[in-house]
Amino acid sequence: MNILVIGSGGREHAIGWKLRQSKKCEKLFFASGNAGTAQVGVNIPVDVTDFDALKHICVEEQIELVVVGPEQPLVEGITDFFQADSFLKDIAIIGPDSHGARLEGSKAFAKQFMRENGIPTAVSMDVSRDNIEQGIEYLRSMAAPYVLKADGLAAGKGVLIIHNLEEAEKELQSMLEGKFGDASSKVVIEQFLNGIELSVFVLTDGTDYKVLPAAKDYKRIGEGDTGPNTGGMGAVSPVVFADKDFMQKVEDRIIVPTLNGLKKAGIVYKGFIFLGLMNVESDPFVIEYNVRLGDPETECILPRLESDFVDLLMAAFQGNLSEIVLETDDRPAVTVMMVSGGYPGDYEKGKLISGLETTKECVVFHAGTTIDVETQQVKTSGGRVLAVTSLDYSVEAARKTVYANVEKVTFKGAAYRADIGIDILAFKA
Ligand code: AMP
Ligand code: GLY
């Protein structure tokens, strides 16, 4: 069958790479893709929220399966658009409709959903310009640090963790006055949870579900988790502290009540649910829901997936997930993100990438890369440039292999964290 992957990052390259391994995958297209996706399929330059243009591709290329990578098109209703269109309605689209996508698109909605369904999460209060005084009182009643979250999508920047009360009060004002535009016209104030974070990925057909390998993401730019937040600087999978007992709690307390809650709300959800969790003394709490796969977690977990990805996604759309046996590679994976110098602040683009052909025992997923039209060379085009993943018999071995490869690839200003997975080694000790 012909397949379309929507998005242009490392996550979408990993999705396409995995789909390409299936015998069922005939033609593979990306909207818009990058230099890496061009190695496994055909890139078509289209905006991810230009639904008419995406429809045109589906018609022209006889697409039967669409995988939506990023959240924006889901929140803007791409699945509703497909369902309402007589030509598109039979195409298997992976991702919830706009109602389901509110789990990610509105933090206040997600908190309300969790409260109604008894799903463990930090206690919180919604604040808008109408109840700012109560918001400030609420902050004063809490202990530091203070967690302020813009309600809407803010390109991953909408969460502030502040140690000083006065500053938190000021930030609350500034968010409500439009610091993140409309996204912060409402703000969720939340209790700070002390624990270790992990990402759990669920694929559901609306009734049944499969839990994919869990991963740990490294969000800060600096080693030892210091400095500003990024889109993610690396990942490791599996997560040692997410043992059988913990994952059972995740299923019983979070996954099952989430799916029941969606049903109760009349939401037919066929797609991925990404649970951003905090492990607080061996109990899971939801930090956030995302309605898509994570980046760079996808680049770390899909190489560990042995099941046919086309079969898995088609089963999710057709409601047959219960018939699928999920098979995974036991070996751990470590993913290291190579980024442009200066990222997550200002950085330069257009740097020549060399050494890609010398890598071995790893997969190099492209994120911010492009093919120079004149020279056909691969150049940088974004902050996060490449995600390099290795699997090996231990996290330690996978770290060695991955970093040996990261060192072979160069571009001017390249930076990466050298400590991805180190904390996981400490857990084993
Ligand atoms: P989010 O965009 O919701 O993933 O939040 C960004 C990051 O802020 C998370 O990955 C956590 O590291 C942190 N965070 C969010 N909410 C909380 C909380 N209630 N307690 C502690 N840390 C949090
Ligand atoms: N790695 C976190 C995210 O994709 O949101």
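Please refer to the structure higher up on the page.
Residues numbered from 1 in each chain as written. Chains lettered and ligands numbered in written order. Predicted model: local features only at pLDDT ≥ 70, side-chain atom pairs only at ≥ 80, totals over all residues. Heavy atoms only, no water.

Caption draft 1: The state of the cysteines, seen in detail. One pass over the full model with this rule turns up zero disulfides. With no disulfide of its own, C300 lies closest to C362 among cysteine sulfurs, the gap being 13 Å. Accessibility expressed as a relative area gives 0% for C300, which makes it buried. (Disulfide = S-S within 2.5 Å. Buried < 20%, exposed > 50% of the residue type's maximum accessible area, 1.4 Å probe, protein only.)

Caption draft 2: Broad picture of the site of ligand 2. Lining the immediate environment of ligand 2, one finds D217, G231, F274, R292, G294, D295, P296 and E297. The contact in question runs from a nitrogen atom of ligand 2 to an N or O atom on the side chain of D217, over 2.8 Å. Interatomic distance of 2.9 Å between a backbone N/O atom of D295 and an oxygen atom of ligand 2. Against a free-state accessible area of 200 Å², the protein chains account for coverage of 88% of ligand 2. Classifying every residue of the shell around ligand 2 gives two nonpolar, two polar and four charged. (Near = heavy atom within 4 Å. Polar contact = N/O pair within 3.5 Å; in protein donor to acceptor, adjacent residues only side chain to side chain. Areas by Shrake-Rupley, 256 points an atom, 1.4 Å probe, with all protein chains shown as cover. Nonpolar A, V, L, I, M, F, W, Y, C, P; charged D, E, K, R; others polar.)

Caption draft 3: Focus on the pattern of salt bridges. This model, assessed by the stated rule, comprises 22 salt bridges. D423 is the salt-bridge partner of K216, the closest N and O atoms lying 2.8 Å from each other. Note that K216 is positioned in strand β12 (residues 216–217) and D423 in helix α14 (residues 422–428), a separation of 207 residues in sequence. Residue R331 is joined to D329 by a salt bridge in which the shortest nitrogen-to-oxygen separation is 2.8 Å. A network of salt bridges, in which partner residues are shared, links E71, E104 and R292. (Salt bridge = Lys/Arg side-chain N within 4 Å of Asp/Glu carboxyl O. Helix = DSSP H or I, 4+ residues; strand = E, 2+ residues; numbered from the N terminus.)

Caption draft 4: Representation of the site of ligand 1 in the model. Around ligand 1 lies a shell of 14 residues, among which E190, L193, E197, K219 and E288 are the nearest. At a separation of 2.9 Å, a nitrogen atom of ligand 1 approaches a polar backbone atom of Q191. Between ligand 1 and L193, the relevant distance is 2.8 Å, taken from a nitrogen atom to a main-chain nitrogen or oxygen of the residue. Taken together, the elements giving at least two residues each to the shell around ligand 1 come down to β7 (146–150), β8 (159–162) and β17 (283–290). Tallied by class, residues from the shell around ligand 1 come to seven nonpolar, one polar and six charged.

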